[in-house]
Amino acid sequence: MKYSNLFWSLVFIIGLTACSNKQFDVNDSLKYCHKQVERSLEELKVDTLLPRSIADTATTWKLVNYKDWTSGFWPGILWYDYEFTKDEKIKEKAIKYTELLKPLSENPAYDHDLGFQVFCSYGNAYRLTKNDEYRKLIVRTADTLATLFNPRVGTILSWPRMIKDEGWPHNTIMDNMINLEMLFWASKNGGGQNLYDIAVKHAETTMRNHFRPDYTSYHVVLYDTITGKKIKGMTHQGYSDSSMWARGQSWAIYGFTMCYRETRKPEFLDFAQKVTEPFISKLPEDGIPYWDFNAPKIPNEPKDASAAAVVASALLELSGYIKDPAQAKRYKNIAVKMITSLSSDKYLSGKSKPSFLLHSTGHWPNKSEIDYSINYADYYYIEALTRLKKLNEGKNILE
Ligand code: GLY
């Protein structure tokens with residue numbers, strides 16, 4: 001370990017100890033989220049478009065339609081808020097925004113993001129209402145997502161448009177791991193066995209091809225469409241082909257944890273821990289990563305609160321699968337440290353904006369959404385808070 005890494009690890013551990021002495025009140029944070037949700041609902045001029053992000057210099061949401069890859073997060077936030085408050089007005093809005101996404105279940109797949117879109121919205125809607133129409137819609141959408149699977153490669157084609165736009169062949173991105181959750185779920189809830197098989201094959205192929213020897217992830221892997229062979233690993237949203245893009249690694253941690261939950265295959269549990277290590281061992285002192293761990297101007301680089309929120313939520317789940325009590329506690333403590341840090345004045349939007357969090361980075365190479373509030377940061381933050389609350393109350397964090 002380099003001396004600088006050792007130094008930051010020590011600072012991080014001291015920070016952890018300090019933080020565990022101070023009791024974090026998860027209910028206060030969920031109440032804060034509710035206040036921000038009410039403010040957003042009040043300020044939104046239309047309910048036919050969905051809030052996506054707020055610029056560092058702005059105070060109002062940029063809106064998108066149901067086709068946007070982030071369209072599922074706002075309905076998902078409303079469902080988590082409804083789960084906490086039991087407020088019928090929030091439920092009404094959650095239904096309204098969720099149902100805007102229905103066309104996604106009726107049209108051919110545009111790309112792999114169907115899981116983010118439909119499972120964060122309808123998945124939470126079904127979990128909390130048991131409306132059978134929602135179940136059928138999720139199963140239909142899982143079948144649509146499955147049409148992007150290439151059996152020669154063993155993965156889903158993440159971005160069909162890149163074949164035309166960039167001349168890429170079959171491409172798979174790390175983010176795609178999250179969308180397997182909808183396939184697993186649909187397979188257990190009226191869909192075919194093929195959905196489960198595709199999800200397992202995608203995860204196994206990704207495990208083999210998408211990581212460097214130190215378990216840091218490529219954002220994108222290109223495959224020969226015909227032979228199925230890997231061509232190369234590269235980046236799209238990270239700093240470079242050899243860097244660890246923070247959110248990409250967060251999708252890996254969350255994705256392989258979820259794959260273990262759904263399959264109980266020990267190789268996924270082992271792999272989830274392996275991909276977690278480079279992320280948590282290199283976090284800066286406040287537990288919130290810079291947008292890319294190898295960005296050249298650290299500490300003068302933008303942070304990515306969204307990656308922290310995704311990892312905090314994943315670690316709360318992962319800690320529940322670990323037999324070694326010391327390791328389980330370590331994951332949980334790191335998650336609580338990250339949530340506590342996100343819940344500090346430095347990261348909360350507070351009165352300045354109606355979002356929950358500041359300081360996420362969307363697409364640095366495209367110079368878009370840098371240091372913004374972004375709906376997926378808020379979604380995984382409220383999911384992590386909800387999981388922590390259930391954990392504190394001795395409940396199953398996923399029910
Ligand atoms: N799925 C795209 C992103 O993480 O920015």
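Structural data are supplied above this passage.
Residues numbered from 1 in each chain as written. Predicted model: local features only at pLDDT ≥ 70, side-chain atom pairs only at ≥ 80, totals over all residues. Heavy atoms only, no water.

### Structural notes on helix 9 (residues 193-209)
Quick note on the threshold: The helix and strand labels rest on DSSP assignments: H or I over at least four residues marks a helix, E over at least two residues marks a strand, and numbering proceeds from the N terminus. One less than the residue count of a helix, multiplied by 1.5 Å, gives the span that helix is expected to have. We call a residue buried when its accessible area falls under 20% of the maximum for its residue type, exposed when it is over 50%, and partly exposed in between, using a 1.4 Å probe and counting protein chains only.
Along its 17 residues, helix 9 runs 25 Å from first to last C-alpha, staying within 8% of the 24 Å computed at 1.5 Å per residue. Among the residues making up helix 9, those that are buried are L195, I198, A199, V200, H202, A203, T205, T206, M207 and N209.

### Focus: the sheet that holds strand 9 (residues 368-374)
Formally: We call two strands paired when DSSP finds no fewer than two bridges between them. To define axes, lines are fitted to C-alpha atoms, for helices over the stretch in contact only, and angles between the resulting N-to-C directions are given on a 0 to 180 degree scale.
Pairing in this open sheet of four strands is antiparallel, and the strands run 2-1-9-8 from one edge to the other. The sheet terminates laterally at strand 2 (62-64) and strand 8 (360-363), the two strands that pair on one side only. On average, each strand axis in the sheet is tilted by 50° relative to the strand beside it, whichever way the strands run. As defined by bridge partners, strand 8 adjoins strand 9 across three bridges and the pair is classed as antiparallel. When the bridges of strand 9 are listed, T361 appears paired with I370.

### Describing the sheet that holds strand 6 (residues 220-223)
Sheet strands line up and pair through hydrogen bonds in the backbone, either parallel or antiparallel. The antiparallel open sheet is built from three strands, whose spatial order is 5-6-7. Each edge of the sheet is formed by a strand with only one pairing partner; in this case those strands are strand 5 (170-173) and strand 7 (230-234). The sheet shows a mean angle of 20° between the axes of neighbouring strands, direction not considered. With four bridges joining them, strand 6 and strand 7 adopt antiparallel strand pairing. Across the sheet, the residue bridging to V220 is M234, located in strand 7.

### Examining unusual backbone geometry
Both trends apply: most residues other than glycine have a negative phi, and most peptide bonds are in trans. Backbone torsion omega between I298 and P299 reads 10°, so that peptide bond is classified as cis. Phi at K130 is positive, roughly 60°, even though this residue is not glycine. Inspection of the secondary structure puts K130 in the loop between helix 5 (114-129) and helix 6 (132-146). A positive phi is found at H359, a non-glycine position, where the angle reads about 65°. Examined against the element boundaries, H359 turns out to sit in the loop between helix 13 (325-342) and strand 8. Residue classification places H359 among the partly exposed residues on the basis of a relative accessible area of 23%.

### Side note on the packing of aromatic side chains
The criterion, for reference: Aromatic rings from Phe, Tyr and Trp, with only the six-membered ring used for Trp, were paired whenever their centres fell within 6.5 Å, and each pair was classed as stacked if the ring planes differed by under 30 degrees, edge-to-face if by over 60, and tilted otherwise.
Taken as a whole and judged by the stated rule, the model has 28 aromatic pairs. Relative to Y380, the ring of W251 lies with its centre 5.7 Å away and its plane at 65°, an arrangement referred to as edge-to-face. Here W251, found in helix 10 (residues 246-263), pairs with Y380, found in helix 14 (residues 375-392); they are 129 residues apart in sequence, far enough to count as distant. Of the two residues examined, W251 and Y380, each falls in the buried class. By the ring-pair criterion, three or more aromatic residues cluster together here, those being W69, F73, Y80, F116, W251, Y254, Y376, Y379 and Y380.

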